[in-house]
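Remarks on the overall topology
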Amino acid sequence: MGPLVGLLDAGHVAGASSLLYIAGMVLNDVFDLETDRQQRPERPLPSGRVSLTAARRLGWRLLVLGVLLGAGTGFFVGHLRPGVVAALLATCILLYDAWLKRTPLGPLAMGACRMLNVLLGMNALDAPLHAGHWLVAGGIGVYVAGVTWFARRESGQSNRVQLAAATLVMILGIAMLALFPNWSDRTVLSVGLDLKRWYLLTGVLGLMIVWRVFGRSSIRIPSPSGCGSP
């Protein structure tokens with residue numbers, strides 16, 4: 001029953017993650033309605049194909065169900081962490097969609113959402129989190145914050161300094177992932193991780209990002225034709 005129970009717990013947090021992700025997408029469109037009416041009138045809400053009331057109701061229900069499913073997972077695994085993380089993730093989703101998206105804190109909020117999403121999956125196990133878990137979740141969060149910062153003005157002219165700084169943030173996130181074996185010897189031994197291959201993988205990933213940013217025209221031509229998310 002042990003492996004089966006573990007799979008069920010993983011399924012619960014995967015379901016909670018999916019519900020919260022979809023809720024964020026729906027509520028994002030709800031909060032962006034006025035902007036979409038001006039810039040993207042063909043979308044479902046501004047075009048009237050979907051009513052605002054129905055979208056708002058769906059978004060909130062998905063958000064609540066995601067938190068409840070996360071809390072239910074905590075009941076089965078024997079600790080409250082999945083429910084707490086799901087509640088924090090739902091809060092970050094709301095803050096990003098409703099207020100922070102267009103502020104300088106927007107990339108940080110999106111990075112926090114991704115970090116909490118990773119932590120939600122990690123807490124499906126009845127085991128304490130170690131430094132390696134936080135490093136991986138934080139590395140992914142930092143990387144996503146950099147990507148979000150890089151793509152903030154993908155529809156208009158971008159600032160070269162900000163694009164370069166966002167690229168450095170992305171590279172920092174990859175570097176944090178590269179350091180994972182140094183912070184989690186237990187995980188390295190349990191999965192038989194080949195350190196050389198791990199460093200090669202993260203190094204190639206970092207080089208690909210640098211190439212897409214500097215080898216192409218993203219920074220030299222910081223406009224929609226030359227700037228895209230790495």
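Residues numbered from 1 in each chain as written. Predicted model: local features only at pLDDT ≥ 70, side-chain atom pairs only at ≥ 80, totals over all residues. Heavy atoms only, no water.

Taking 1.5 Å per residue as the helical rise, helix 4 (residues 52–77) with its 26 residues ought to reach 38 Å, and the 38 Å between its terminal C-alpha atoms agrees with that figure. A positive backbone phi angle near 95° is found at Gly78, which sits one or two residues after helix 4. (Helix = DSSP H or I, 4+ residues; strand = E, 2+ residues; numbered from the N terminus. Expected span 1.5 Å × (residues − 1).)

If you look at the biggest cluster of nonpolar residues, it comprises 33 residues, and the most contacted ones within it are Leu20, Leu63, Leu89, Ile93, Leu116, Leu119 and Leu120. For this core, the secondary-structure elements that each account for two or more residues are helix 1 (2–31), helix 4, helix 5 (81–100), helix 6 (106–122), helix 7 (131–150) and helix 8 (160–178). (Core = buried A, V, L, I, M, F, W, Y, C linked by side-chain atoms within 4.5 Å. Buried < 20%, exposed > 50% of the residue type's maximum accessible area, 1.4 Å probe, protein only.)

What follows covers a nonpolar patch on the surface. Together, Tyr21, Ile22 and Met25 make up an exposed nonpolar region whose accessible area comes to about 300 Å². Mapping Tyr21 onto the fold places it in helix 1. (Patch = residues over 30% accessible without salt bridge, like charges linked within 9 Å, V, L, I, M, F, W, Y side chains within 5 Å. Areas by Shrake-Rupley, 256 points an atom, 1.4 Å probe, with all protein chains shown as cover. Salt bridge = Lys/Arg side-chain N within 4 Å of Asp/Glu carboxyl O.)

Another point: the pattern of salt bridges. Evaluated as defined, the whole model comprises 6 salt bridges. The partner of Arg43 in a salt bridge is Asp29, and the shortest N-O contact between them spans 3.4 Å. Taken as a pair, Arg43 in the loop between helix 2 (33–39) and helix 3 (44–47) and Asp29 in helix 1 lie far apart in primary sequence, 14 residues in all. Asp32 is paired through a salt bridge with Lys101; the nearest N and O atoms lie 2.7 Å apart. Taken together, the positions of Asp32 in the loop between helix 1 and helix 2 and Lys101 in the loop between helix 5 and helix 6 put the pair 69 residues apart, joining distant regions of the chain. Accessibility assignment for this pair places Asp32 and Lys101 in one class, buried. Bridged by salt links that share partners, the residues Asp29, Asp36, Arg40 and Arg43 form one connected network.

Let's shift gears to the environment of Pro128. Here Pro128 shows up in the loop between helix 6 and helix 7. Here the alpha-carbon distance between Pro128 and Arg81, two residues 47 residues apart in the chain, equals 9.8 Å. With residues near it in sequence (within four places) discarded, Pro128 still touches Arg81 and His133. (Contact = heavy atoms within 4.5 Å.)

By the element assignment, Pro41 lies in the loop between helix 2 and helix 3. In this structure, Pro41 is in contact with Asp36, Pro46 and Ser47, ignoring residues within four places of it in sequence.

Glancing now at the environment of Thr53. Relative to the elements of secondary structure, Thr53 occurs in helix 4. Thr53 sits in the partly exposed class, given a relative accessible area of 45%.

To continue, consider the packing of aromatic side chains. The tally for this structure, following the rule as stated, stands at 1 aromatic pair. Aromatic side chains Phe180 and Trp198 sit 6.0 Å apart centroid to centroid with 55° between the ring planes, which places their arrangement in the tilted category. Of this pair, Phe180 sits in helix 9 (residues 180–183) while Trp198 sits in helix 11 (residues 195–215); the two residues are 18 residues apart in sequence, bridging distant segments of the chain. Here Phe180 falls in the buried class, since its relative accessible area comes to 12%. (Phe/Tyr/Trp six-rings, centres within 6.5 Å; stacked < 30°, edge-to-face > 60°.)

Orientation of helix 5 relative to helix 6, taken along the N-to-C sense of each, is 160°, at an axis distance of 9 Å. One element, helix 5, and the other, helix 6, form an angle in the roughly antiparallel class. Here helix 5 runs over helix 6; the crossing is left-handed. For the pair formed by helix 5 and helix 6, the contact residues are Pro82, Val85, Ala86, Leu88, Leu89, Cys92, Ile93, Tyr96 and Leu100 on the first element and Gly106, Ala109, Met110, Ala112, Cys113, Leu116, Asn117, Leu119 and Leu120 on the second. Residue classes in the contact of helix 5 with helix 6 are distributed as 16 nonpolar, 2 polar and no charged. (Axes fitted to C-alpha atoms, helices over the stretch in contact; angles between N-to-C directions. Parallel < 35°, antiparallel > 145°, perpendicular 65-115°, else oblique. Left-handed = near helix turned anticlockwise from the far one by under 90°. Nonpolar A, V, L, I, M, F, W, Y, C, P; charged D, E, K, R; others polar.)

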